[in-house]
Amino acid sequence: MKFVITAGPTREPIDPIRFLSNRSSGKMGYAIAAAAIEANHEVVLISGPVNPPPPAGAKLVRVITSDEMHEAVQAAVRDCDVLVMCAAVSDYKPARVAEQKIKKRNEKFSLELIPARDILKSLPQSRNFFVVGFAAETNDVEEHARAKLATKNCDMMVANDLSDPNIGMESDENAVTIFSRGGESAKISRASKKTVARELVKIICANAKKVLTKKF
Ligand code: CTP
């Protein structure tokens, strides 16, 4: 199968030297890319600015902003079988990017933000690839993840509970719950991101094959 996997954060510029971003390390997305390659799948890895070296065998597309990630995803999904949106895409971006460095003044300062494009929501409703979203939640994980599964029109939603600081963002370990369109759910208990990624790729493939019956 051909996988398109997004990983890492996006950066939204404020001025030539500043940006808005988040703590995503890209480790989970990179581990999924490595696990998919290990299982003999083709992988396009669309990555925000992160440090890990890309897994050998992945076609790496580097992006910085949410708009760049949006364009790269639109182009890559034209001939893919599975899209895994593991990236922590910005929800907002500055309404204007200052051309010159914003100078310090001794007064209150506020930044006007506008919504960034939602990459999952802008995918076509009718499509012939399987879509996996990630839900990063600090509370009411199941309720929020199931709501995102529906509103973002995904086939599967992988929920990360961020209330435990020892797993998930920036950590080398993770534990996830997977919610599917049909209402089923499955848990992958705490393990290295490498182990979680291998298990996830197996579950994604098994479910994608059921949905993409004409292809596989
Ligand atoms: N996502 C996206 N485009 C965005 C923001 C998020 O496609 N602009 C995707 C993420 O890659 C992830 C899913 O949407 O697969 C859920 O992301 P998450 O940050 O958990 O949720 P949000 O939609 O940002 O909602 P909230 O911040 O309110 O939880």
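Scroll up a little and you will see the structure.
Since we're looking at a predicted model, the values are computed, not measured.

What counts, and at which threshold
Residues numbered from 1 in each chain as written. Predicted model: local features only at pLDDT ≥ 70, side-chain atom pairs only at ≥ 80, totals over all residues. Heavy atoms only, no water. Near = heavy atom within 4 Å. Polar contact = N/O pair within 3.5 Å; in protein donor to acceptor, adjacent residues only side chain to side chain. Areas by Shrake-Rupley, 256 points an atom, 1.4 Å probe, with all protein chains shown as cover. Helix = DSSP H or I, 4+ residues; strand = E, 2+ residues; numbered from the N terminus. Nonpolar A, V, L, I, M, F, W, Y, C, P; charged D, E, K, R; others polar. Buried < 20%, exposed > 50% of the residue type's maximum accessible area, 1.4 Å probe, protein only.

**Student:** Hey, could you run me through the site of the ligand in this one?
**Tutor:** Taken together, 15 residues form the shell around the ligand, and within it Met-85, Ala-87, Asp-91, Lys-148 and Lys-152 come nearest. Contacts to the ligand include Ala-87, whose backbone N or O atom sits 2.8 Å from an oxygen atom. The contact in question runs from an oxygen atom of the ligand to an N or O atom on the backbone of Leu-120, over 2.9 Å. Burial of the ligand by the protein amounts to 78% of the accessible area it has alone, namely 570 Å². A per-element tally of the shell around the ligand places strand β9 (residues 130-137) first, with four residues. Partitioning the shell around the ligand into residue classes produces eight nonpolar, two polar and five charged.

**Student:** I tried to follow unusual backbone geometry on my own but got confused; where do I start?
**Tutor:** Among all residues save glycine, negative phi is the norm, and among peptide bonds the norm is trans. Of note, Asn-40 is a non-glycine position whose phi angle comes to about 70°, a positive value. Its place among the elements puts Asn-40 in the loop between α1 (27-38) and β4 (42-47). The exposure class of Asn-40 is exposed, given its relative accessible area of 70%. With phi around 50°, Asn-153 is a residue other than glycine that occupies positive phi space.

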